[in-house]
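# Structural overview for review
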Amino acid sequence: MVVKVGIAKLGNIASGVMAELLLDERADREDMQTFMATSGTKLQPEDIDRVVTNMKAWGPDFCVVVSPNGVLPGPTGAREELAKAGIPVVVITDDITTKKEQFDALKASSFGYIIMKADAMIGARREFLDPVEMADYNGNLVKVLALTGAFTKLQVELDKVIDQVKAGKKGADLVLPKVVMTSDKAVEGAFNNPYAMAKARAAYEIAQSVAGVNVKGCFMTKEWEKYIPIVCSAHEMMRQAAVLCDEARELEKGADCIIRSPHKKDGVIVTKTKLISKPE
């Protein structure tokens, strides 16, 4: 059986950059296929409608809806429209846990969710953010999410849904993930060296705090002379988080104990720790 996994990207967060790639890292899986539809950079109704229409036409077994601020009307409407079409939905978004009423509603719903707390808002001030700065920031953030273990946890949760479809479950019978990706959750089981784990955990905590700094610089500070250094400092925080992740990875390399968990062609996940060895 080939499982059809839809990826609806509404706007951009770093988790969306890698969502479908994490499921098929060598593009050789034979048990699943993905279809990605995107609204581009915008979250306007017409852009979201285009994504939903194309996704419904493809008819996936389940759909992953990735967006910033997943409780906004646009992303909320998108997942509700997909659900009306009988398509199970897993929401991937940045930290919405502080929006208590909306988050409680999501928790109580039939939708799955993975809240990536470290997938922090960018410093979107014109005086500071140009295309190069945007790309550099997202590169650092992708590194943080990858090397702390957060992306692995996200991938495993989606693979669990794929396995359920392969076992014959569909629609409302699927058990969808309900995960808040904290620093503890991200690093759990991802490291053999405790110093590497501590560095990765520190990196995740720093990345989580970047959002608050950027909110201050983008929405709470009016004077450009003041908000430019604020958003710049947030980007420097993310860069240092990425440096910590590199240091953690190097510690694991030095002990030849990096955990590698590739997919086989049939979707089974195999693991190894020694570099010169075969995954089993």
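A short tour of the structure in this document, coming up. It should be emphasised that the depicted structure is a prediction, and the values quoted were computed from it without experimental measurement. (Residues numbered from 1 in each chain as written. Predicted model: local features only at pLDDT ≥ 70, side-chain atom pairs only at ≥ 80, totals over all residues. Heavy atoms only, no water.)

### Remarks on the overall build of the protein chain
Scanning the protein chain from terminus to terminus reveals 9 helices and 6 strands. Taken over the C-alpha trace, the protein chain has a radius of gyration of 19 Å; the compact-globule value for 280 residues is 19 Å, and the two agree within 12%. Overall, the C-alpha framework of the protein chain stretches about 55 × 50 × 30 Å when taken along its three principal axes. A burial count over the protein chain gives 46% of its 280 residues as buried. Accessible area for the protein chain stands at about 13500 Å²; split by element, carbon and sulfur atoms hold 57% of it. When the 37 positive and 38 negative side-chain charges of the protein chain are each reduced to one mean point, those points stand 2 Å apart. (Helix = DSSP H or I, 4+ residues; strand = E, 2+ residues; numbered from the N terminus. Rg over C-alpha atoms; globule rule 2.2 N^0.38 Å. Buried < 20%, exposed > 50% of the residue type's maximum accessible area, 1.4 Å probe, protein only. Areas by Shrake-Rupley, 256 points an atom, 1.4 Å probe, with all protein chains shown as cover. Lys, Arg positive; Asp, Glu negative; His and termini not counted. Charge placed at Lys NZ, Arg CZ, Asp CG, Glu CD.)

### Notes on the nonpolar core
Formed by 47 residues in total, the largest nonpolar core has its most connected members in Phe-62, Ile-114, Met-116, Leu-145 and Leu-158. A per-element tally of this core places helix α6 (residues 150-166) first, with 7 residues. In this structure, Val-51, Ala-78, Val-89 and Phe-103 belong to the second largest nonpolar core, which totals 21 residues. (Core = buried A, V, L, I, M, F, W, Y, C linked by side-chain atoms within 4.5 Å.)

### A short note on the pattern of salt bridges
As enumerated under the stated definition, the model contains 18 salt bridges in all. Salt-bridge contacts for Glu-25 lead to Arg-26; the nearest nitrogen and oxygen are separated by 3.1 Å. Taking relative accessible area as the criterion, Arg-26 reaches 44% and is therefore assigned partly exposed. With a shortest N-O distance of 2.8 Å, Asp-104 and Lys-100 are connected by a salt bridge. (Salt bridge = Lys/Arg side-chain N within 4 Å of Asp/Glu carboxyl O.)

### Focus: α6
With 17 residues, α6 should reach 24 Å at 1.5 Å per residue; the first-to-last C-alpha distance of 25 Å fits that figure. Every buried residue of α6 is listed here: Ala-150, Phe-151, Lys-153, Leu-154, Gln-155, Glu-157, Leu-158, Asp-159, Val-161, Ile-162, Gln-164 and Val-165. In the stretch just after α6, Gly-168 is the one whose phi turns positive, near 105°. (Expected span 1.5 Å × (residues − 1).)

### A look at the environment of Lys-185
With respect to the helices and strands, the residue Lys-185 is situated in helix α7 (residues 183-187). The partly exposed category is assigned to Lys-185, whose relative accessible area is 29%. For the pair formed by Lys-185 and Thr-148, sequence separation is 37 residues and the distance between their alpha carbons is 9.7 Å. What Lys-185 contacts, discounting residues up to four positions off in sequence, is Lys-153, Val-179 and Val-180. (Contact = heavy atoms within 4.5 Å.)

### Let's talk about the sheet that holds strand β6 (residues 178-181)
With parallel pairing, 6 strands are arranged side by side in an open sheet as β2-β1-β3-β4-β5-β6. Every other strand in the sheet has two partners, leaving β2 (32-38) and β6 as the edge strands with one partner each. Neighbour-to-neighbour, the strand axes of the sheet open up by a mean angle of 15°, direction not taken into account. Bridge count for strand β3 (residues 62-67) against strand β4 (residues 89-93) is 5 bridges, and the pairing is parallel. (Pairing = 2+ DSSP bridges. Axes fitted to C-alpha atoms, helices over the stretch in contact; angles between N-to-C directions.)

### Quick look at the packing of aromatic side chains
All told, the structure shown has 2 aromatic pairs when counted by the stated rule. Consider the rings of Phe-103 and Tyr-113, whose centres lie 5.7 Å apart with planes at 75°: the pair is edge-to-face. Here Tyr-113 lies in strand β5 (residues 112-116) and Phe-103 lies in helix α4 (residues 100-108), a separation of 10 residues in the sequence. For the pair Phe-103 and Tyr-113, one class covers both residues: buried. In this structure, Lys-4 is placed above the aromatic ring of Trp-58, and the distance from its NZ or CZ to the ring centre is 4.7 Å. Here the guanidinium or amino end of Arg-79 rests over the ring plane of Phe-111, the centre of that ring lying 5.6 Å away. (Phe/Tyr/Trp six-rings, centres within 6.5 Å; stacked < 30°, edge-to-face > 60°. Lys NZ or Arg CZ within 6 Å of the ring centre and 35° of its normal.)

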